[in-house]
Amino acid sequence: MVAAFVGSLPSLGLGCASLGNLYRPITRDEALAIVDAAWDAGMRYFDTAPYYGLGLSERRLGDALRKQKRADYMLSTKVGRLLDPDTATDIAAERHGFVTAMPFKVRYDYSYDGVMRSYEASLHRLGLARIDILLVHDIGVVTHGADNQRYLADLWNGGYRALDELRSSGAISAIGLGVNEWQACADAMEKGRWDCFLLAGRYTLLEQEPLYGFLPQCEAHGAKIILGGAYNSGILATGTRRGGELHYNYGPAPQSIIDRVTRIEEICDAHNVALAAAALQFPLAHSVVQCVIPGLGEARRVRQTEQLMSQAIPSAFWQQLKQEGLLDIEAPVPAGRD
Ligand SMILES: NC(=O)c1ccc[n+]([C@@H]2O[C@H](COP(=O)([O-])OP(=O)(O)OC[C@H]3O[C@@H](n4cnc5c(N)ncnc54)[C@H](OP(=O)(O)O)[C@@H]3O)[C@@H](O)[C@H]2O)c1
């Protein structure tokens, strides 16, 4: 049974890694303006994490949302990384991709106490009285390599129990994982009861591997997907033609990806479709995908995103992608607006 709460998440939410100065600094005013613009556009779901700017994203998001009625929006944050005071590091330097002056360093902790401490610290940083969804952040071999087994043991020996207690007491409404690897979610479903998975970058216009096995497993489990990284961290929003470095999965895009996106862009041109519109709308066609949460680094992106969400995309566009082997033949696609 899908948690009713997750099933009520709107199809478009705001990914708030950018509020933590991911790759480039934005001012506090700019950050608050992004959230205000999102609110004015009707967006009511926001995803953040202690990791995003080492506390900065949570602080800014809470500051922007505090003036709203708490019952009017939904909020997820994450557990698994505690932020310890750091007096030694040069805080002017980019850390973990974030340009942040927050004087903290990350310590992984997926234990019972770690989850509870993280939850309370997030409430304080946000300055809000409630968090709706807690997601176990980046547990998996992509982040932890050989150490993953140790962290998994901590999760299953206590961290999961903390999440389950918070959920059953009503303190939070739903629990899940927030990861870039679907395999971690597939394994977690064997051992616990999860409401949702924030899966980033793995079910996009560029890759559909979860279609077989994983997404049906979510359906059977009753878990929904919150789709992060629908632009694969940039290239599916910017395309290949703007010049400068192209981002793919939080790094420079390899030539094979640039070539693939270039061909998709040609098909977009032939059908008068914006690449970013196709990227944003594609994952939502799958019944297990509840919402997409693009990362927006400027307030004007909100209006652009609304337009991308509503752009008509003809069926022939999706058909041609499939015919050319650029999209899995079995992938559900948005109803064509011919
Ligand atoms: N492990 C996890 O739990 C996990 C991992 C990754 C992501 N996430 C979640 O998913 C959210 C989204 O992921 P993401 O931000 O990493 O990647 P994303 O949404 O795939 O891409 C964000 C990038 O796309 C650009 N962009 C967005 N709209 C655009 C437009 N209309 N035109 C041109 N460029 C545009 C943004 O540029 P500008 O900055 O210039 O606007 C930004 O650089 C995160 O904020 C986070 O909430 C979670």
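Residues numbered from 1 in each chain as written. Predicted model: local features only at pLDDT ≥ 70, side-chain atom pairs only at ≥ 80, totals over all residues. Heavy atoms only, no water.

**Student:** How would you sum up the overall build of the protein chain? Please name residues and give values.
**Tutor:** A tally of regular secondary structure across the protein chain gives 13 helices and 12 strands. Taking 338 residues into account, the globule formula puts the C-alpha radius of gyration at 20 Å, and the protein chain, at 19 Å, falls close to it. The principal-axis extent of the C-alpha atoms belonging to the protein chain is close to 55 × 45 × 40 Å. Counting every position in the protein chain, which comprises 338 residues, the buried fraction comes to 56%. (Helix = DSSP H or I, 4+ residues; strand = E, 2+ residues; numbered from the N terminus. Rg over C-alpha atoms; globule rule 2.2 N^0.38 Å. Buried < 20%, exposed > 50% of the residue type's maximum accessible area, 1.4 Å probe, protein only.)

**Student:** Can you break down the site of the ligand residue by residue, with the values?
**Tutor:** Every one of the 31 residues lining the ligand counts as a neighbour, but Asp 47, Tyr 250, Gly 295, Gly 297 and Arg 301 are closest to it. A distance of 3.3 Å is found between an oxygen atom of the ligand and a backbone nitrogen or oxygen belonging to Cys 16. Contact between the ligand and Asn 180: a nitrogen atom at 3.1 Å from a side-chain N or O atom of the residue. Within the complex, 88% of the 900 Å² of free accessible area of the ligand lies under protein. Looking at the shell around the ligand, the elements that each hand over two or more residues are strand S7 (174-179), strand S8 (196-200) and helix H12 (300-310). At 3 residues, H12 tops the list of elements feeding residues into the shell around the ligand. Of the residues in the shell around the ligand, the class split is 14 nonpolar, 12 polar and 5 charged. (Near = heavy atom within 4 Å. Polar contact = N/O pair within 3.5 Å; in protein donor to acceptor, adjacent residues only side chain to side chain. Areas by Shrake-Rupley, 256 points an atom, 1.4 Å probe, with all protein chains shown as cover. Nonpolar A, V, L, I, M, F, W, Y, C, P; charged D, E, K, R; others polar.)

**Student:** Before we move on, could you go through the UniProt feature "domain: NADP-dependent oxidoreductase" (unreviewed entry) in the protein chain and cite the residues and values that matter?
**Tutor:** Per the UniProt record, "domain: NADP-dependent oxidoreductase" (unreviewed entry) is annotated on residues 12-322. Within residues 12-322, the helical portion is 41% and the strand portion 16%, while the C-alpha atoms at the span's ends are 25 Å from each other. (UniProt positions renumbered as here; feature names shortened; annotations may be inferred.)

**Student:** Let's hear about helix H13 (residues 315-323): which residues, and what values?
**Tutor:** Among the residues of H13, those classed as buried are Phe 317, Trp 318, Leu 321 and Lys 322. For H13, the angular spread of buried residues about the axis comes to 135 degrees, placing them on one side. Backbone geometry just after H13 places Gly 325 at a positive phi near 70 degrees. (Arc of directions from axis to C-beta.)

**Student:** Which residues make up the sheet that holds strand S9 (residues 224-228), and what are the values?
**Tutor:** Across the sheet, which stays open at both edges, the 8 strands sit in the order S1-S2-S3-S6-S7-S8-S9-S12 with parallel pairing between neighbours. Each of the sheet's edge strands pairs with one partner strand only, and the pair in question is strand S1 (14-15) and strand S12 (289-292). Taken together, the 4 bridges between strand S3 (residues 74-79) and strand S6 (residues 133-137) define a ladder with parallel strand orientation. Pairing of Thr 77 across the sheet is with Leu 134, part of S6. (Pairing = 2+ DSSP bridges.)

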